[in-house]
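Descriptive analysis of the structure
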Amino acid sequence: MWPAVPTSISVRPRPALFTGRDREIAAVADVLEHRPAAVVVEGAPGMGRTRFLTELAARPEFAEVRVLRGACPRLREPFPYGPILDALRTAGDRLGPLSPVAGALRPLLPELAGVLPPAPELLPDPGAQRHRVFRAFRELLIACGPAILLIDDLHRADRGTGELLRFLAVDWPPELGIVATSRAGGPTVPGVHTARVTLGPLDIPAVTAMARDILDAPVTAEFAEALHEYTAGIPFVAEETLRALRGAELPALDQLEVPVPLRESISTQLAALPESVARLVKAAAVLGTPAEPAILAQLAGLDELPEALSGDLLGEMDDNRYGFRFPFARKAVYDGVSSAERKRLHAKAIELPGQPLSLLAEHALAAGCVEKWRHYAEAAADEAIEQGDTARAIDLLQAIVAKAAESAVGRLATKLGEVALRAFRPDVLATLEQVLHDRPLPPVVRGRIRLAQGLLLVRVAGRLEQGRAAVEQALAELADRPDLAARGINLLALPFDGLTPLSWHERWMRRAREVHSGLTDPEARLALTADRIATAAHIGDGTAWTEFQSLPDTAPTVAERVQLARLWGNLADAQSWSGHLDRAEQLVSEGLRRAAEARYPQRLLEGTKVRLAWFRGEWDGLAEATDDIRTRHPQLGTLVMETSLVLGGLAAVRGEFTAARRHLAAASAHRPGDGPIPVVLCAASVLIDVLLSTDEVAAACEAADIAVDAARRKGVWVWAASLVPAAAEAYTRAGRWPDADAFVEKFARGIEGRDAPFAAAALHAGHAVLTAARAKHLAAATLFDAAAVAYADLPMPYLAARMRDRAACCRLEAGQSDATTSLSEAATAYLQLGATRDAGRCHHLLREHGAWAPSQRGRRGYGRELSPREREVAEMLAEGRTNRQIADGLFLSPRTVEQHVAKVLRKLGAHSRTDVARKLPRVASP
């Protein structure tokens, strides 16, 4: 019985967008406007020569011109005059007068039997007969009148076609333009308008346009650049690669299978090569890296080099080294080599001189030489570690550990764990866990591996306690090796994450100082020093900055430079939370440079950078940049929480409360034990403000209770700076005076003597909130003014504007009507920042006090554009908010919102409220 074969359907979609050839096609069209004319279009396979002819034929300027098209297919024996006959058979019956000589074509063009004269008798001399046929071709082309003859792949034509074109060139038909595509070369026609066009690779913008068209989705600049590099900008390769990606998640390009049409094209090209050149190409595919011709010939077993090395598959890369023009070509050729031949060539490649260690490892593995593979792979990993290429080192070590002998697994897993600590790769955890579970290891070796596992686990969201437990277990196994245990002790000294009290961490801090004095390894000493400085700065110890400034500016080894880059990042984080924002900004800038030089991951620095921008009111484009960071690093828990905090804060000031709550939940505002406490407490403060804005006082107090309890349990009070005014506001609005007073007082004692200007400003704000709640308006206004000055000095312009806003409101409550000037200034500051909801609230209060109304004179006419207010309404509509929610968010009346909604729908051409989300991105901001 025949095996069951599932049915399949293969549908070829429409051609891709024709892009990147505007200049070339316009130039050819211009030449053809001045007939007689002859154009040659050259280009390697895949450059789009055939598509070029198709697009040229469709040009509107040739609508009244007869377009004749013929092609030279890939045949063993090409047909005599094939492309010319193929083109002329469609000439039709609208022809000019023909003399009897044109009848010589009647046997060759039966399609035109109705318009051609009778065939004359054959001449006995073959040469004379061919001459008559050539004259007949010329006469028929003249009879076609204004015409363009397109010939595709002229390099495949028979010899007769070439002779015919040379005959025509002597006396070119006056109204004829010819365009012939060819790999290289073509007819030269003297005395007529001519051009030669060479189609090269597409540039990145053209590849980007093609990707958007085929994928029907946005395309990032990074993806477009990678696609351009991987496909070498060759249109056919780029198109087939994109079609293989369509409708699926975008994988790494080097993991993509060669698309079938591309594989078939490359196989055809390979089959057409001379046997010696084909062997050379296969050897190059196995070697996998550009090489000198002599090396390729040695691997291919050739005594002599072929005359021509460069072709459609191989080309000279640099300095007499030859390789594949694009990766898919190499992959397709490699897949076509038999497994036995591949294995033989890989084994032979090991003996070639000058091979990189990582490539030698690949050859050994493919050749089945396991011991050689282990040797070369570990040597390549060591080389990568020395060069700071941690990603490559981790990949190599993970592969070796999985197949390591019992005698080597402990050493290799230890090395893997140590290098993994320089980066963040969650997949390493599974490898280390399997080694600990499956392999018998000496206690010290087991302790080193478990320590690395614990140090990695604490970076994963939700696995903090598991990581700390693993570290404590590792320290017990390393009890006799304090030099090896130092990093674990140091980790337990760090207080940033979870609710473990600072006093517990301080015990480990003392232990870390004791161990530090006995360390001899420079990297370990620097790692402990860096963490001690960052920790001290985080808890407001002013001596940390002095110690940091006394450190050397550079280090001799890559490992030590990694620790310096890590210090710059961690200290930037600490300085930003304490309120030294200018210092923090400089540290971020320098830290990013150092991290790039040391090839240390910059992800945590990116989180600090966007949070600094949020603090400093640099909000233009910040939401998009922050969301991009979070999307690129979804597994890095700390970074996800920090970016979620920024996105939540930005949404809150725009009145987008649903989005704000979602982001703040991701920042662990409700689960303080799951993340970095400074982030958690700040997220809680924003959440409390959101809840109070919607009069959910009980929910605000509940959020405050969770956050205040977390601050008390942790005991690092400088981290509660953003929480103090928010929690005090919630408690006083709920009438919980003892809780409000106790928390502010506890905070005041906790930050006493600390180097934390953010906390000092927050204490002014906390006292101001308590005073205002007791209706001591003028006294509260003075405290709010002091807080405004303190926040402005940091600078934190949004919080400074809020304090000026609150001070003005207190003075208005006290009957000082001139405070409307200060309130108006606060509204202006809000608008400059983009805090639209706060600006709307201020304008609402100003209207109530008769101090503000939109000017009716000189108002800008926005025409079909959205006004700033209409854009705010449109953005809220796009989020699915109701008219009532929009009115509440912007402090407008429902009737005014209805009018704005109607204008938004009309200006955007939206058919419904739900259609606004689709239409809005296409409208430029006013």
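Now for a look at the structure at hand. Because the structure is predicted, anything quoted here is derived from the model rather than measured. Every chain is numbered on its own, with residues counted from 1 as its sequence reads. With pLDDT at 70 or above as the cut-off, local features in this predicted model cover only qualifying residues; side-chain atom pairs require 80 or more to be listed or tallied, and sums for whole chains, interfaces and linings still use all residues. To obtain the side-chain values, all non-hydrogen atoms of the structure were included, while hydrogens and water were left out.

A separate point is the side chain of Arg611. The helix count covers DSSP runs of H or I at least four residues long, the strand count covers runs of E at least two residues long, and both are numbered beginning at the N terminus. If you trace the backbone, Arg611 turns up in helix α27 (residues 603-615). When a residue's accessible area, from a 1.4 Å probe over protein chains only, is under 20% of the maximum for its type it is buried; when over 50% it is exposed; and in between it is partly exposed. Judged by its relative accessible area of 0%, Arg611 is buried. Whether two residues are in contact is decided by their heavy atoms: any pair within 4.5 Å suffices. Not counting residues within four places of it along the chain, the set of residues in contact with Arg611 comprises Asp573, Ser576, Trp577, Glu642, Leu645 and Val646.

Let us look at the pattern of salt bridges. Two side chains carrying opposite charge are able to pair once their charged atoms lie near each other. Within this document, salt bridges are pairs made up of a side-chain nitrogen of Lys or Arg and a carboxyl oxygen of Asp or Glu, the two lying within 4 Å of each other. Per the counting criterion, the structure on display carries 51 salt bridges. Between Glu239 and Arg243 there is a salt bridge, with its nearest N and O atoms 2.8 Å apart. One end of the pair, Glu239, and the other, Arg243, are both in helix α8 (residues 235-245), four residues apart, so they sit about a helical turn from each other. An identical accessibility class is assigned to Glu239 and Arg243; each is buried. The residue Glu378 makes a salt bridge to Arg411 at a minimum N-O spacing of 2.2 Å. With Glu378 in helix α15 (residues 370-387) and Arg411 in helix α17 (residues 406-420), this residue pair connects regions lying 33 residues apart in the sequence. Using a relative accessible area of 14% as the deciding quantity, one classes Glu378 as buried. With relative accessibility at 43%, the residue Arg411 sits in the partly exposed group. Within this structure, Asp553, Glu590, Arg593, Arg594 and Glu597 form a network of salt bridges that share partners.

Only buried residues count toward a nonpolar core, which is a set of Ala, Val, Leu, Ile, Met, Phe, Trp, Tyr and Cys residues joined through side-chain atoms within 4.5 Å. If you look at the biggest cluster of nonpolar residues, it comprises 198 residues, and the most contacted ones within it are Trp614, Leu645 and Tyr791. If one sorts the elements of this core by residue count, helix α31 (residues 677-693) sits on top with twelve residues. For Trp614, the residues in contact, after removing those within four places along its chain, are Trp619, Leu622, Leu645, Val646, Gly649, Leu650, Cys682 and Val686. By size, the runner-up hydrophobic cluster in this structure holds 73 residues, among which are Met210, Leu227, Leu242 and Ala284.

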